[in-house]
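# Architecture at a glance
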Amino acid sequence: MFKNIFVILATSLALAACTKKAPENDNTINYGLRTNLKALDPEQGSETSANEIIPNIFETLFEYHYLKRPVVLQPLLAEAMPTVSKDGRTYTIKIKKGIRFQDSEVFPDGKGREVKAQDFIYSWKRIADPRNKGEGWWIFDGKIEGINDWNAKLAKGGKPEEVNEAFNAPISGLQAPDDYTIVIKLAKPFYQLNNVLAMPFASVVPKEAVDKYGEEFMNHPVGTGPYKFESWIRGNKVTLVRNPNWHGGTYPNEGAPGDQEAGLLADAGKPLPFADKLVFHEIPEAQPRWLNLMKGALDFGGIPKDNFDNTITDGKLKPEMVSKGMKLWTFPSLEVVYIGFNMADPLLGKNLELRRALSLAYDGQTARKKFYNDRATIAMSPLSPDIDGYDAKFVNPWKEFNVEKAKEHLKKAGYPEGKGLPAIEYNISGSSTDRQMGEYVQQQFQKIGVQVNIISSSWPQFIERLNQKKAQMFGIAWVADYPDQGNMLQTLYSKSAAPGPNNSNYNSKEFDALFEQSEKIPPGPARIALFHKMRDQFVKDVPWIPTVHRLNDIIYQGWINNLKRHDIIRNSYKYIRVDQAKKAELKAKL
Amino acid sequence: MVSIANKGRSLWADAVLRLRRDPLAMVCFTIIALYLLMSLLCATGVIFTDYNVTDNAQAYQPPSAEHWMGTDLFGRDVMARAAHGTITSLIVGFFGAALAVAIGTILGALAGYFGGKIDDLIVWLYTTVDTIPYILLVVAFSFVMGPGLNTLCLAIGLTSWIRFCRVIRSEFMKHREREYVQGATALGAGHLRRIFIHILPNTFHLVLINFSLGFVTAIKSEVILSYLGMGVAPGTPSWGMMISDAKLELFREVWWGLAAATLFMFFLVLAFTLFNDALRDALDPKLKNR
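Everything in this summary refers to the structure shown in the same document. Not measured: the values here are computed from a predicted model.

Attention now moves to the overall build of chain B. Scanning chain B for helices and strands turns up 11 helices and 0 strands. When the elements of chain B are put in sequence order from the N terminus, they spell out α-α-α-α-α-α-α-α-α-α-α. Dimensions of chain B, computed from the C-alpha atoms along their principal axes, are close to 75 × 50 × 30 Å. Residues classed as buried in chain B amount to 50% of the 290 residues present. When contacts within chain B are restricted to residue pairs at least 6 apart in sequence, long-range pairs at least 24 apart make up 71% of them. Carbon together with sulfur atoms contributes 68% to the accessible area of chain B, which is approximately 13600 Å² in total. A distance of 13 Å separates the average location of the 23 positive side-chain charges in chain B from that of its 20 negative side-chain charges.

Below, the structure is given as structure tokens:
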């Protein structure tokens, strides 16, 4: 009884802030974002929450087939997959005719203008423009002929006219011979180009909107996608509505084995998108997100660590949830969660023995149980499971949990028992669960005498600290952008240092050489051998403590059809159908 | 009926007498004293020394003979955490309130004593600050200065002085025209002497009441801010942090963390509030001879 009163008190408190009235039109998909949003600009789209929204508004040349596994690319704004020259250096891409930007005040008559090949080149230049400090520069850096010279000229700065002229100067590797043809010339072979062009970074944006809004473009996104931006109440929610002028698309006719039985092909051939409205609620705290899911205000979401035991037994959903029509979708994340050391930091970056000591002092097994309910694989390196090149048997010697050994290495580092070592700052983003994980790290290191101060900030501030290389030590995850270990390993390539994906600012000549070599050869055993060498170099230098690769358990409501989440397929909302009759019926039970 | 005021005791002696005759006040005072004693013993490492000892195998143990209030997520003793949380609360309460009272008293004294432009300026300052919701202001402060005990005391102190400033200002306005002040002026006392030696002691009972009120506000603010993740640094025992953990844990039916933090806070805040009332009754001359 006693405890129930507390539960009621706490739930009413938690809900007070986020109670939502059911919208009149129920053909809406509601999703709860785990972090606060920073920007809705593809150029700043390196974070998971923003990428949940951006691909609905903006589109790329290619997309991943919604159902097929392993994932397959298919044309989206492109007419077909590119034709590649014999030397593999020149890609010719035809784009679809008649694609229009969404209607917006930025166009002369308010009507969306047709998308031309030049628009893509403009959008990609924007990513490569050093003035924008975009997070996606790494996708083109060193890969496209002439782009680095162009970038260097802009970086020099000068008078506004000069800079503008430098921006408008052509790049030899990015050409548009006519309105519907793009020719990309590579500086060196780059086998992942098609994958990269399917990333939200490479979305097409209208120059008119960027010119009009300037930096405010991130609050006024205009693209070509199936959904138009309607509103964003900062810290609360983003609303998107169906774009009536969308160029169209149909639900796939074929899928992976088992999809037919799972009912994922019931809507085959039907026009997309199904839902009229998408609402993304910013709910960084796990409990209100869960409670909203339980009362049907959100349509799907993960299971917070503290609710796991009450939700799943033996890998199955509990009967009381099944009776409410809820379903479970489990998939492995293509990712690595890690504790990063800032290698640009004068203390941690220069002291290998100290990093080894900290790595040895971290008890990964207990963390896996405590924070992930054992629904995760212990990570030994940045290589992600379920992508070629992952070796489940590999053991990282510094991942052994051994306090005595850790103390020895701490002594070698020059700080016996932690004496003389200043407190290390561990940066986390601000939710209660993150704080608990932070406290866990603090306790682990305290055992060998290393003091840790936890710096907790909101997600946008946290990312800002990483981008400015200010975070001494931090907890974060990297989710693959495309199914390639090269994408995982570029988080350690020196040229993608912050604000790029190399948050730890790791800088190793040996690693860089191997990475550059791996970019030159096609996927295959030789490339995987290089990945393994890079992994070994990583293990030698300990720039991170890799912690886990998570398994995602997603609960979704009975009225949600066609849900098949995958980390790489980011534009899945257009395929999801809300069964409104069933929603009315099931919601009464919640 | 002979009034106690007629016997010619000082205000303070009179107040102490009144307080001692009030059983509720004495109970509250004892509770506060016990809290103080407990936090002193905690701080000096005499009792509850295991507040930071983690044992992950013992996580979420319900209350038992060994752990009276059970254990938390990391297997730490909840009772010990809550007891140590008292230290955090009392530190923040004391320094937060002391800072607020110091600022409020000085500004209020200057405004009330000098009047004119100085008064206009100070009134403008506090009305401006007062238009910003208090909790938002505290949140803004902790955002700028980063979390931590010092920040918390500063943030609370710098945002909650307005009420004190108002009270002291009006009291000074009343006093500056009184005969004893005029007498002091006639004897050649300067402004500072008149403010701090002559008038301030006569308003001191208000300072004390305000301090004690501020104490309760500061304790509550600490809990709210720590709950929101903007209070003391993670890892420091704090009631707010325990309640923040509890909001996740309740679904595991782990209620003891919330219960411990809430009960510890409840008794301290209740005792303080009731004691405040008694203190005001005892010290406010207007309420004498009731």
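Having put the structure on the table, let's press on.
To continue, consider the side chain of Glu335 of chain A. Residue and element names in this part refer to chain A. Turning to its location among the elements, Glu335 is positioned in strand 15 (residues 335-341). Among the residues examined, Glu335 registers a relative accessible area of 1% and is labelled buried. Other than its neighbours up to four places away in sequence, Glu335 contacts Ser384, Pro385, Ala477, Trp478, Val479, Met488, Val548, His549 and Arg550.

Turning our attention to the sheet that holds strand 7 (residues 181-185) of chain A. All names here are of chain A. Taken together, 4 strands build an open sheet; the order of strands is 4-5-7-6 and the sheet is antiparallel. Lying at the two open borders of the sheet, with one neighbouring strand each, are strand 4 (83-84) and strand 6 (174-178). The pairing of strand 4 with strand 5 (residues 90-94) spans 2 bridges and is antiparallel. Across the sheet, the residue bridging to Val84 is Tyr91, located in strand 5. Here helix 3 (residues 117-128) sits on the sheet and contacts strand 6 and strand 7; the angle it forms with strand 6, its principal contact strand, is near 170 degrees.

Turning our attention to the pairing of strand 17 (residues 424-429) of chain A. Residues and elements named next belong to chain A. For strand 17, a buried count of 5 out of 6 residues is recorded, marking the element as mostly surrounded by other parts of the structure. Note that strand 17 and strand 18 (residues 452-457) share 6 bridges and pair parallel. Counted as the bridge partner of Ser429 is Ser457 from strand 18. With helix 13 (residues 432-446) bridging strand 17 and its parallel neighbour strand 18, the resulting β-α-β unit is right-handed. Pairing analysis gives 2 bridges linking strand 17 to strand 19 (residues 473-479), with the strands arranged parallel.

So, how was this worked out
Residues numbered from 1 in each chain as written. Chains lettered and ligands numbered in written order. Predicted model: local features only at pLDDT ≥ 70, side-chain atom pairs only at ≥ 80, totals over all residues. Heavy atoms only, no water. Helix = DSSP H or I, 4+ residues; strand = E, 2+ residues; numbered from the N terminus. Buried < 20%, exposed > 50% of the residue type's maximum accessible area, 1.4 Å probe, protein only. Contact = heavy atoms within 4.5 Å. Areas by Shrake-Rupley, 256 points an atom, 1.4 Å probe, with all protein chains shown as cover. Lys, Arg positive; Asp, Glu negative; His and termini not counted. Charge placed at Lys NZ, Arg CZ, Asp CG, Glu CD. Pairing = 2+ DSSP bridges. Axes fitted to C-alpha atoms, helices over the stretch in contact; angles between N-to-C directions. Right-handed = clockwise from strand over helix to strand, strands pointing away.

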